[in-house]
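Chains, contacts and geometry: an overview
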Amino acid sequence: MSAVLEIRDLRVTFATPLGDLEAVRGVDLDVRAGEVLGVVGESGSGKSVTFLAAMGLLPATATVRGSVRVDGVELVGAPPKEMRRVRGRLMSMIFQDPLSALNPVHRVGAQIAEMLQAHQRMTDRAAAARAVELLELVGIPQPADRARQYPHEFSGGMRQRVVIAIAMANRPKVLVADEPTTALDVTVQAQILEVIQRVQAETGTAVVLITHDLGVVARVCDRVQVMYAGRSVERGAVHAIFGRPTHPYTRGLLDSLPHEGLERLTPIAGFPPNMLRPPSGCAFRVRCPHAIDACGTDVPDLRPIGEQESACIRASELARAGDGR
Amino acid sequence: MLRYVLRRVLWAIPTLLFITFLVYVALRTGTDPVKSYLRINPRATKAKIAQYIEVNGLDPNYVRGYWSWLRNFVTGNWPRSIKGSREVWPQLKDALANSLRLGAAATVVGIAVGIFVGVYAALKPGGRRDVAVNTSAFIGISIPPYVSAIILQLLFAVYWSRWFGDTLFPTSGVYPPGQVGFDPWLMAKHMVLPTLVVAIQVIAVYARYMRSSLLDVLSSDFMRTARSKGISERRVLVRHGMRNALIPVVTIAALDVGAIVGGLIITENVFSYPGMGVYFLSAFAQGDFPLLMPWMVIIVASVLLFNLVADIAYAWLDPRIRLG
Amino acid sequence: MAEVATRPGTAGEIALPTVSPRQMAYRRFVSHKAAVGSVVILALLVCFVVLSPITARYGVNEAVKEPPNYFIPPGGLAWFGTDDIGRDLYSRLIYGVRVSLVIGFFSAIISVTLGCLIGATAGFRGGRFDDVVMRITDLFLAFPFLVTLLVLRNFLGAIEWLRPIIGDLSSIRFIIVLFSIFGWMSVARIVRGQVLALKEREFIEAARAAGAGRWYVVRTHLLPNSVGPIMVALTFAVVSAIIGESTLSFFGYGPQPGAGATSLGLLVAGAKGAVNTGNWWLALFPCGVLALIALCVNFVGDALRDATDPRLDRGDA
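Residues numbered from 1 in each chain as written. Chains lettered and ligands numbered in written order. Predicted model: local features only at pLDDT ≥ 70, side-chain atom pairs only at ≥ 80, totals over all residues.

1. Some points on the overall build of chain A
The line we're drawing: Helix numbering and strand numbering both begin at the N terminus, where a helix is a DSSP run of H or I of at least 4 residues and a strand a DSSP run of E of at least 2. Computation of the radius of gyration draws on C-alpha atoms alone. For the globule rule, the value is 2.2 Å times the number of residues to the power 0.38. This entry defines residue contacts through backbone-placed C-beta atoms, with two residues in contact when those atoms are within 7 Å.
For chain A, the count of helices and strands is 12 helices and 12 strands. The C-alpha radius of gyration computed for chain A amounts to 21 Å, which stays within 12% of the reference 20 Å derived for 325 residues, consistent with globular compactness. On the principal axes, the C-alpha backbone points of chain A span a range of 65 × 50 × 40 Å. Sequence separation of 24 or more characterises 64% of the internal contacts of chain A that already satisfy a separation of 6 or more.

Okay, here's the thing in structure tokens:
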């Protein structure tokens, strides 16, 4: 299977008054055509920044190094014009807060049409008609009337559907959904996930679902990549990772979920590290119950173990010892 | 929309009446029109005084007095000025025309330049040009208009001719003394310095408004959405950024007439420009009630008018404002 | 910064120096170079004024030498030149700034006190009181400042029974009262806005839910959180009173401190006559000092606003 989005050794540094902050520290990531990839991690783990960097949407204080290829086109260091041709056409993004993601002064239909006309030769009329179709695709009733309304006339869930319609307008190869349900009511969350799944099934777009909700990942995703402190710690098929997590952090995440038969949740001790001064070696070692001295010296890369890949130097040991968690 | 506008217009009328009543009371108390009249016409007969009181609506009872003043005002039965006993409207009309010309020139130049400069600064916040714009705007607002007017006057009235042997920009009036007839070129030359003084203030204020408004908008989420569409940076800035950033600026522009008129009054006086400001200050110094009241009505009405314009512009530009 | 260390041997790696909000504000203020410079200039100015017996070279009404002594250009005899009757402009500027500073400080303090009380009450009580207060301030602020000021001045001055309280039309006390009446409005707006914003914040709700009384909430939560905006308002009130006094004096409606005493505004007004005769020093120095004061106080106010408003923290990318 070919990868439509290939990220290699991506590093993102922000210049802050307190010094340089490396938010992403060498991430490798592949998105294959048509799959749903879950990207999981706590806030500040660099999962959103990774994809904002890929889209070229980071502020000027950020420096991006490494490689991002969409459909074979290299984006890091590419001229802005080329970036623009990729954004919205090959890869598009849905953001966390639908309430503020739409421009309040333009009609919803016009905002979708703008996306269409940015990449396709289309008359205004054709674009408007297509915008109505897209609204219908994401399940908005009376799409023709709704297209003429302004964002403030839509509820949060409806707005997120509009955002999805905008993102899907040009049938991109990759759709990045950055915590698309976090800001919504629980009942609406399920609907939005359904919309994403349906759109994905209909168009064959690959979807990257950035989330910290493992339940969502289990339900929706094919593969999952776990991030911690700006690095990947584990990746593999969902069933493999959920069935036998090999990295202590992944295991911690899973343990902190409500589970049948378990009386109590076990949260991970401690807090995410300060990214201005991340710990040496494996960043998780300061919270890791299995940390040994060697953890402080090596910065482990992802290495295959069984069906998945893990960035823990004790992965195989721990996998053996902790089987059947 | 129409109903909203109508309702606001209807509301403006009682407001206008109420404020002019307050002005009437304040002026009557503060300038004592009868005493001013007697000071200039010390030998006025009893009948003359009674007629003056009658036509100006100076009944001892303020409410009744205001009412008769209002009736005379609305029916066009305006009293003559105390000083020189001249008709008020011709003087007021000329002053208004001169001021409108000056005010419009300064406002158009000021807002256009101010918005441009503000955007220019906001595009690279913290950069060198941002700092330059910010600092000069800051100096612009801090320095009172008469200070810059006096410095400009000194420069152009005295030193320019001393150094270069010719007057570049005249520093007083609309025409040189003795000029008859209409001469737009001369008029424009006379307007340059006063316009500059008023415009400096307007530029400074709008550069700052525009800058902060655009910075607010630039950091909002929908700008990221717009950028993620892959449209040109220019289109992102104009269609998404400016369109939103201008909403508060337009509103404030309309609300700011009071400040602009204030700047005009001061500037006109320094440059002896025969507009509303010179008219007001000389009338006020004389306590010339018949001259002052119509002037006040015009000022109050224009402030209310522009408030109305601000509200309507706001509602028109921002679909989130519900009109009911 | 939260306590992070959970394991021995790792604490040093993570612990960052903690900084209190006040220290942060101080640091931000100090990083504003123009503001620091302004503070220094203002401090110097105040020193000059306070030490006027030492710093002033002549008395306020004293001629620098026997006639002819008028319009002497700046030089050793009179650093800033002399005016039409031979008085030293430099010394008169010191006396003038003294009067202006007194007017500025007193009216600022009165108007900020009034403004805080009225603004906080309006914000807290809401309803009719709030409506009325805000309508009045809107009205006053919408009209040309000079016109309102002049009309109000004459109106107040004409009321007989007020005279013992607020003084005569041309006294300094009257000017202070006048600017206090004007000044409270913008302060009240700021404070009201602050109160309204804080009222919605969760920690206030939490305090109220915990049974705290209104006054307790004001004292322990609202006031400490409003110190920044109030200080900013105070600095701006000082500027507007000083400039207002100058404006009034410029048009001949200012205070007459009596016995040849002067104010900055009167000196600036003197510049009007100087322009056509080419006695540049009479225009340049008073205007320069006024502009300098206005600029410096504005810079300080601006920096204070930046420093005390955590939302403007430039730390987050």
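Next comes the rest of the write-up.
2. Brief notes about the overall build of chain B
Rule in force here: To sort residues by burial, count the other C-beta atoms lying within 10 Å of each one's C-beta; a count of 20 or more means buried, 12 or fewer means exposed, and anything in between means partly exposed. C-beta atoms are built from the backbone.
A tally of regular secondary structure across chain B gives 13 helices and zero strands. Dimensions along the principal axes, computed over C-alpha positions, put chain B at roughly 80 × 65 × 35 Å. Here chain B holds 324 residues, and the buried ones make up 43% of them. Taking the intrachain contacts of chain B between residues at least 6 apart in sequence as the baseline, contacts between residues at least 24 apart amount to 72%.

3. Quick notes on the sheet that holds strand E11 (residues 303-305) of chain A
Residue and element names in this part refer to chain A. Stated formally: Following DSSP output, two strands are said to pair if at least two bridges run between them. The axes are straight lines fitted to the C-alpha atoms, using for helices just the contacting stretch, and the angles between their N-to-C directions are given from 0 to 180°.
Pairing within the open sheet is mixed, and its eight strands lie in the order E6-E7-E8-E3-E9-E10-E12-E11. Across the chains shown, the open sheet's two edge strands, defined by having one partner strand only, are strand E6 (91-94) and E11. Adjacent strand axes in the sheet meet at a mean angle of 20 degrees when their direction is disregarded. When strand E7 (residues 174-178) meets strand E8 (residues 206-211), the two strands line up parallel, connected through five bridges. Across the sheet, residue Leu175 finds its bridge partner in E8, namely Val207.

4. Looking at the interface of chain B and chain C
What counts here: Three classes are used, and their members are as follows: Ala, Val, Leu, Ile, Met, Phe, Trp, Tyr, Cys and Pro are nonpolar, Asp, Glu, Lys and Arg are charged, and the others, Gly among them, are polar.
Each partner contributes residues to the interface: chain B has 33 residues there, and chain C has 31 residues. Contributing elements (two or more residues each) for the side of chain B that touches chain C: helix H1 (2-31), helix H6 (128-142), helix H7 (145-164), helix H11 (257-270), helix H12 (276-286) and helix H13 (289-317) of chain B. Counting residues per element, the side of chain B that touches chain C draws most heavily on H7 of chain B, which supplies eight residues. Considering only residue class, the side of chain B that touches chain C consists of 23 nonpolar, nine polar and one charged.

5. What to know about the sheet that holds strand E2 (residues 19-32) of chain A
Read across the open sheet, the four strands follow the order E2-E1-E4-E5 (chain A); overall the sheet is antiparallel. What marks the edges here is a single partner per strand, and that holds for E2 and strand E5 (73-74) of chain A.

6. A few points about the interface of chain A and chain B
Each side of the interface is counted separately: chain A has 23 residues, and chain B has 18 residues. Those elements that place two or more of their residues in the side of chain A that touches chain B are helix H2 (80-86), E6, helix H3 (98-101) and helix H4 (108-119) of chain A. Looking at the side of chain A that touches chain B element by element, the count peaks at four residues for H4 of chain A. Class assignment of the residues belonging to the side of chain A that touches chain B gives a composition of 11 nonpolar, six polar and six charged.

7. Let's talk about the pairing of strand E4 (residues 62-70) of chain A
All names here are of chain A. Note: strand E1 (residues 3-16) against E4, eight bridges, orientation antiparallel. If you follow Val12 over to E4, its bridge partner there is Val64. Sheet analysis places E4 next to E5, joined by two bridges and oriented antiparallel. Its bridge partner being in E5, Arg69 is matched across the sheet by Glu74.

8. Structural notes on helix H11 (residues 214-250) of chain C
Residues and elements named next belong to chain C. Rule in force here: Every helix has an expected span of 1.5 Å times one less than the residues it contains. We define the bend at each residue as the angle formed by axes fitted to the 7 residues ending at it and the 7 residues starting at it.
Taking 1.5 Å of rise per residue, 37 residues should cover 54 Å, yet H11 covers just 46 Å from first to last C-alpha, more than 12% shy of that figure. Along H11, the sharpest kink reaches roughly 50 degrees, centred on Val227 and followed within four residues by the proline Pro229. Once H11 ends, the next one or two residues include Gly252, with phi positive near 85 degrees.

9. So, the nonpolar core
Threshold: One nonpolar core equals one set of buried Ala, Val, Leu, Ile, Met, Phe, Trp, Tyr and Cys residues connected by C-beta atoms within 7 Å.
If you look at the biggest cluster of nonpolar residues, it comprises 256 residues, and the most contacted ones within it are Val174 and Val208 of chain A together with Ile150 of chain B. No other element matches the 17 residues that helix H13 (residues 280-308) of chain C contributes to this core. Contact partners of Ile150 of chain B, with chain neighbours within four places excluded, come to Val270 of chain B together with Ala271, Lys272, Val275, Ala283 and Cys287 of chain C.

10. Brief notes about the confidence of the model for chain B
Residue and element names in this part refer to chain B. Note the cut-off: Note: pLDDT gives the predictor's confidence per residue, expressed from 0 to 100.
Looking at chain B as a whole, its pLDDT mean stands at 86, while 99% of the residues score no less than 70. Averaged over each element, pLDDT in chain B is lowest for H7 (82) and highest for helix H9 (residues 221-228) (92). The ipTM assigned to the predicted complex is 0.86, against a pTM of 0.82.

11. Structural notes on the packing of helix H7 (residues 156-168) of chain A against helix H8 (residues 186-203) of chain A
Residues and elements named next belong to chain A. How we decide: Roughly parallel covers angles under 35 degrees, roughly antiparallel covers those over 145, roughly perpendicular covers 65 to 115, and oblique covers all other angles. Helix crossings fall into two classes, left-handed where the near helix is turned counterclockwise from the far one by less than a right angle and right-handed where it is turned clockwise.
Packing of H7 against H8 leaves a shortest axis separation of 10 Å and a crossing angle of 20 degrees. Here H7 lies roughly parallel to H8, going by the angle between them. Helix-helix and strand crossings are classified by hand; for H7 and H8 the assignment is right-handed. Residues Gly156, Gly157, Gln160, Arg161, Ile164 and Met168 of H7 form the contact with H8, whose participating residues are Val188, Gln191, Ile192, Val195, Ile196, Val199 and Thr203. Partitioned by chemical class, the residues of the contact of H7 with H8 number seven nonpolar, five polar and one charged.

12. Some words on unusual backbone geometry
Residue and element names in this part refer to chain A. At Asp9, a position not held by glycine, the phi torsion is positive, near 45 degrees. Summarising the element assignment, Asp9 is placed in strand E1. Look at Ala229: it is not a glycine, yet its phi comes out positive at around 50 degrees. Along the chain, Ala229 falls in the loop between strand E9 (223-228) and strand E10 (231-237).

13. Focus: the pairing of E1 of chain A
All names here are of chain A. Pairing of E1 with E2 involves 11 bridges; the strand directions are antiparallel. Counted as the bridge partner of Glu6 is Asp30 from E2. Between E1 and E2, which pair antiparallel one after the other, the connecting turn spans two residues.

14. Here we look at the packing of helix H2 (residues 21-31) of chain C against H13 of chain C
Residue and element names in this part refer to chain C. Two elements in contact, H2 and H13, have axes separated by 8 Å at closest approach and are oriented at 140 degrees. Taken as a pair, H2 and H13 cross one another with a handedness that is right-handed. Listed contacts from H13 to Ala25, Arg28 and Phe29 of H2 are Ala303, Leu304, Asp306, Ala307 and Thr308. Taken together, the residues of the contact of H2 with H13 break down into five nonpolar, one polar and two charged.

15. Topic: helix H12 (residues 264-277) of chain C
An ideal rise of 1.5 Å per residue puts 20 Å on 14 residues; H12 of chain C measures up with 21 Å between its terminal C-alpha atoms. The buried fraction of H12 of chain C is high, at 10 of 14 residues. Those residues of H12 of chain C lying buried are Leu264, Gly265, Leu266, Leu267, Val268, Ala269, Gly270, Ala271, Ala274 and Val275 of chain C. Packed against the buried residues of H12 of chain C are H7 of chain B together with helix H5 (89-125), H11 and H13 of chain C. Immediately beyond the C-terminal end of H12 of chain C, within one or two residues, lies Gly278 of chain C, with a positive phi of roughly 80 degrees.

16. Some details on the environment of Leu169 of chain C
All names here are of chain C. With respect to the helices and strands, the residue Leu169 is situated in the loop between helix H8 (163-166) and helix H9 (172-200). Separated by 15 residues in the primary sequence, Leu169 and Asn154 place their C-alpha atoms 7.8 Å from one another. In contact with Leu169, not counting residues within four places along its chain, are Gly157 and Phe174.

17. Brief notes about the environment of Gln225 of chain A
Residues and elements named next belong to chain A. The topology assignment puts Gln225 in strand E9. Expressed as a C-alpha distance, the spacing of Gln225 and Ala15, which sit 210 residues apart in the sequence, is 27 Å. Residues in contact with Gln225, not counting those within four places in the same chain, are Leu29, Leu37, Val39, Ser232 and Arg235.

18. Digging into the environment of His190 of chain B
Residues and elements named next belong to chain B. Within the secondary structure, His190 sits in helix H8 (residues 184-218). For the pair formed by His190 and Arg64, sequence separation is 126 residues and the distance between their alpha carbons is 45 Å. Discounting residues that sit within four places of it in the chain, His190 has contacts with Pro170, Gly173, Val174 and Tyr175.

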